[in-house]
Amino acid sequence: MAEPAKNQAVDRTRIFYVPERARVMTTRQEPSATFVELGFEDGRPLNHHPGQFVQVSVFGYGEAPISVCSSPTRPESFALCVQSMGNVSRAIADLTPGDWVGIRGPYGRGCFPIDRMKNKDVLLIAGGIGMAPLRGLIQFICDNRDDYGRFMVVYGAKTPSDILFREETEQWTENPDLDFYRTVDEPDDEWEGRTGVVTEPLKEIDIDPENTIAAACGPPVMFRFIAMDLLKKKLPEERIYFSLERRFKCGIGKCGHCQLNDLYVCQDGPVFRYADLLKRTEAGEVWAPEKDQDTA
Amino acid sequence: MTAPENRVIPASNFTRFLEAIMAEQPVIGPRERPDQPGFYRFGRLARAEDFAPDYGTTTVPPKKTFAALREKLFSFTLDSPPELDLHFDSSPFVLLGIHPCDLSGIDALDHAYSQPPAEVRWTANRRRASLIGLDCRPDSYCFCTQVGTESNRNPCDLFLTPMEDGYLVEVHSDAGAALLEKADTRKAGEEDEAAAEQWRREKAAGIVPEFDAPVEKIADILEVGGLTPVWKETADRCYSCGSCNTTCPTCFCFDMVDDIEPDLSGGARYRTWDSCQLLDFALVASGHNFRGERWQRVRHRWQRKFLYLYRQFDRPYCTGCGRCSRACTADINLVDVANRLIAAAQKEA
Ligand SMILES: Cc1cc2nc3c(=O)[nH]c(=O)nc-3n(C[C@H](O)[C@H](O)[C@H](O)COP(=O)(O)OP(=O)(O)OC[C@H]3O[C@@H](n4cnc5c(N)ncnc54)[C@H](O)[C@@H]3O)c2cc1C
Ligand code: SF4
Ligand code: SF4
Ligand code: FES
């Protein structure tokens, strides 16, 4: 057998579970989430593709997969937008500038198809925290605006105080580069915008089905309704992309937690073509749980 | 290397051989549990006599020597910035007395964990070890012949087949040949080979459970689907305790958790074995459980072992060791479920 591995001989950068240190540069509290801007010690960029995620360590609390919500076109730092849901995400919300976290990644071979989207009309649909990964893509397209056709973004939040990136989304409303539709499920007294679930504004939008690519991110149940609306608009299944959530532990196709039939969502995704998901029963069961088909 | 001739090591020489190895490196092998006579587990042998060559299948498979139930991945300080320490043990050891099915279990994890990016801790621990296999006698749960592992030798350095006085020794690697130099052996003759062959014949004849279709058919059956009634009737009996996973030599799913030192000076991240049968395995923070129904988890275990990993690595992720059936609190037997699946598929057709 080969020489036993010596301590020093193990190349640390190739050990997938060892995070790299990154420093918190700024933080911002939003009503329902925390925005954290990070940078590596040596100032190098993260070099991610829109749609990829990182495994964020808060040492002593653990790790959680979080989408990169900034664009690689703005490489000075990278940003996360995190909702407090449990152990690690609460610890992320408590971070202050100067604190250290661990970062693994960027991970995920399935990203938003920025090349395929070129010269096409792009329709993005975000529900809730699903805005986080899409915001990176929105920034990316805005920074390369000439490469893309019509640009439409639909964003649904539960209540006005759940709206993420409040100021930025306000600017998008004015921005001629994109058609931005923002809606809330439950308005409050001050809300003057649209009311209704995310598929409501979607119904109004006319698309050119021959020349459009759509991508969506949001809670599991949302996908089914979005898919129905998009198919009604004659958009083919293979030009609809969904970014999925699963329980992640390793983020690189080893721990088995994120498996969706034969796919590892962490490694093969997290962004998938709807056409590919349709072939997988474990995807279908989420959208139509009453139907128990179990073909693989 | 070219296949070297087999050797024979008489019983008395074997003890001296073990002692010679143990003088240089630890030997981990099957030994009787002091707390539970008649039950065996892999552990470090204190004396050559601790080796229990006629042990029956252990509850926990020997994969634990390469990936511990709870394995420290690295430790960290809580300083600013935190310092990480990854200690890799590099001292060699011998893993002795592994049955053919358990060698196949190690092979399964070699495949799974070497997929890039490789799981370096498994690989590093594997590199530390020399493997000495040992042939066995089946009990009523064993079904290695049904998955083709009864004469598996991969991976091992030496392989022992018990004989009336000692063992027939097959040499499977240069490291094995080097190890065997410590032993006083003789060339195996025709009679010795015949005795070993007889052992294998009796072993195969002693296997009771049978699949009603070849194992490769099970993948096709799972792929076609329409098996929900079988999943549901199995799930009706299952407690989702996870014993079937945690005793399985080919299961490799894991969790990662942090622990903090009581004095808050630092902590460590651990990798622990996990089970896809547990309710929260696919639960996400928003509250959605992607396999919230027990029958979905039962189905997943089967699809993973006999379809996805089968197709990916061209071998079933089952070694026929029977541990899951032995361990099951609900007495669910893997071969029985396989045959229900086969029967259900035949009814469909
Ligand atoms: C690709 C991807 C991208 C993501 N991007 C983002 C993002 O940009 N922003 C964001 O906010 N989130 C994102 N998420 C979700 C985020 O990863 C989770 O919210 C996060 O992992 C929660 O981890 P935690 O440690 O805070 O929660 P945990 O402590 O793990 O617990 C969260 C909840 O899970 C349940 N739970 C956990 N363990 C158990 C148990 N043993 N028994 C019962 N219930 C249990 C509980 O309901 C608990 O409240 C993303 C997820 C994925 C997969
Ligand atoms: S599935 Fe059961 S019989 Fe097959 S290898 Fe695992 S524990 Fe052994
Ligand atoms: S050991 Fe038996 S009861 Fe426990 S999870 Fe496995 S099949 Fe179910
Ligand atoms: S998160 Fe571990 S396999 Fe995907």
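Residues numbered from 1 in each chain as written. Chains lettered and ligands numbered in written order. Predicted model: local features only at pLDDT ≥ 70, side-chain atom pairs only at ≥ 80, totals over all residues. Heavy atoms only, no water.

**Some details on the site of ligand 3**
Alright, step 1. Close to ligand 3 lie B:Cys238, B:Tyr239, B:Ser240, B:Cys241, B:Gly242, B:Ser243, B:Cys244, B:Gln277, B:Cys328, B:Thr329 and B:Ile332, which account for all nearby residues.
Alright, step 2. Counted by class, the shell around ligand 3 contains six nonpolar, five polar and no charged residues. (Near = heavy atom within 4 Å. Nonpolar A, V, L, I, M, F, W, Y, C, P; charged D, E, K, R; others polar.)

**Comments concerning helix H6 (residues 190-205) of chain B**
It helps to recall that an α-helix has 3.6 residues per turn; residues three or four apart then point in one direction.
All names here are of chain B.
Alright, step 1. Helix length check: H6, at 16 residues, gives a terminal C-alpha distance of 22 Å against a target of 22 Å (1.5 Å per residue), a fit within 8%.
Alright, step 2. Within H6, the full set of buried residues consists of Asp-192, Ala-196, Trp-199 and Lys-203. Axial view of H6: buried residues confined to an arc of 50°, hence all on one face. Turned more than 90 degrees off the buried face of H6, the exposed positions are Glu-190, Glu-191 and Ala-205.
Alright, step 3. Close packing links the buried residues of H6 with strand S1 (7-9), helix H2 (100-114), helix H4 (144-147), strand S8 (158-163), strand S9 (166-171) and strand S10 (186-187). (Helix = DSSP H or I, 4+ residues; strand = E, 2+ residues; numbered from the N terminus. Expected span 1.5 Å × (residues − 1). Buried < 20%, exposed > 50% of the residue type's maximum accessible area, 1.4 Å probe, protein only. Arc of directions from axis to C-beta. Contact = heavy atoms within 4.5 Å.)

**Things to note about the sheet that holds S8(B)**
All names here are of chain B.
Alright, step 1. The strand order S3-S2-S6-S7-S8-S9-S1-S10 describes an open sheet built from eight strands, whose pairing is mixed. Strand pairing shows two members of the sheet lacking a second neighbour, strand S3 (36-44) and S10, which therefore form its edges.
Alright, step 2. Note: strand S7 (residues 129-134) against S8, three bridges, orientation parallel. Note on S8: the bridge partner recorded for Leu-134 is Leu-160.
Alright, step 3. This element, helix H1 (residues 11-24), spans S1, strand S2 (27-33), strand S6 (93-98), S7, S8 and S9 of the sheet and lies at about 90° to S1.
Alright, step 4. On the sheet, H6 packs against S1, S8, S9 and S10 and is oriented at approximately 85° with respect to S8. (Pairing = 2+ DSSP bridges. Axes fitted to C-alpha atoms, helices over the stretch in contact; angles between N-to-C directions.)

**Description of the interface of chain A and chain B**
Alright, step 1. Residue-level contacts link 51 residues of chain A with 65 residues of chain B.
Alright, step 2. Interface of chain A and chain B: buried area, both sides summed, is about 5000 Å²; carbon and sulfur atoms make up 56% of it.
Alright, step 3. Applying the counting rule to chain A against chain B returns six salt bridges.
Alright, step 4. In this structure, the salt-bridge partner of A:Glu285 is B:Arg299, at a minimum N-O distance of 2.8 Å.
Alright, step 5. Mapped by element, the contributors of at least two residues to the side of chain A that touches chain B are strand S3 (53-58), strand S4 (62-67), strand S6 (100-107) and helix H8 (281-287) of chain A. (Buried area = accessible area lost by both parts, 1.4 Å probe. Salt bridge = Lys/Arg side-chain N within 4 Å of Asp/Glu carboxyl O.)

**Things to note about the nonpolar core**
Alright, step 1. If you look at the biggest cluster of nonpolar residues, it comprises 103 residues, and the most contacted ones within it are A:Tyr17, A:Leu123, A:Ile125, A:Phe242 and B:Leu96.
Alright, step 2. Per element, the largest residue contribution to this core is six residues, and it comes from H2(B). (Core = buried A, V, L, I, M, F, W, Y, C linked by side-chain atoms within 4.5 Å.)

**As for the confidence of the model for chain A**
Residues and elements named next belong to chain A.
Alright, step 1. Confidence along chain A averages 90 in pLDDT terms, with 93% of residues attaining 70 or more.
Alright, step 2. Predicted confidence is poor over residues 1-9, with pLDDT under 50, and the contacts of this stretch with residues over four places away or in other chains come to 15 contacts.
Alright, step 3. Between residues 291-296, whose pLDDT stays under 50, and residues either more than four places distant or in other chains, the model counts 27 contacts. (pLDDT = per-residue confidence, 0-100.)

**Structural notes on the domain arrangement of chain B**
You'll often see interface size given as the accessible area lost when the parts meet.
All names here are of chain B.
Alright, step 1. Each domain of chain B was delimited in the assignment, giving domain 1 (7-67 + 88-205) and domain 2 (215-253 + 275-348).
Alright, step 2. For domain 1 versus domain 2, the separation of C-alpha centres amounts to 28 Å.
Alright, step 3. Taken residue by residue, the interface counts 26 residues in domain 1 and 24 residues in domain 2.
Alright, step 4. A buried area of about 2000 Å², summed over both sides, lies between domain 1 and domain 2, and 60% of it is on carbon and sulfur atoms.
Alright, step 5. It is Tyr-141, Phe-143 and Val-147 that lose the most area in domain 1 upon contact with domain 2, and together they represent 30% of the buried surface on that side.
Alright, step 6. A salt bridge links Asp-107 to Arg-315; its shortest N-O distance comes to 3.0 Å.
Alright, step 7. One can count eleven residue pairs in polar contact (both at pLDDT 80 or more) joining domain 1 with domain 2. (Domains from an automatic or database assignment. Polar contact = N/O pair within 3.5 Å; in protein donor to acceptor, adjacent residues only side chain to side chain.)

**Here we look at the pairing of S9(B)**
Residues and elements named next belong to chain B.
Alright, step 1. Along S9, six of the six residues are buried, which leaves the element largely enclosed by surrounding structure.
Alright, step 2. Two elements, S1 and S9, share three bridges in a ladder whose sense is antiparallel. Bridging from a neighbouring strand, Arg-7 pairs with Val-169 of S9.
Alright, step 3. Inspection of the sheet shows S8 paired to S9 by six bridges, in the antiparallel sense.

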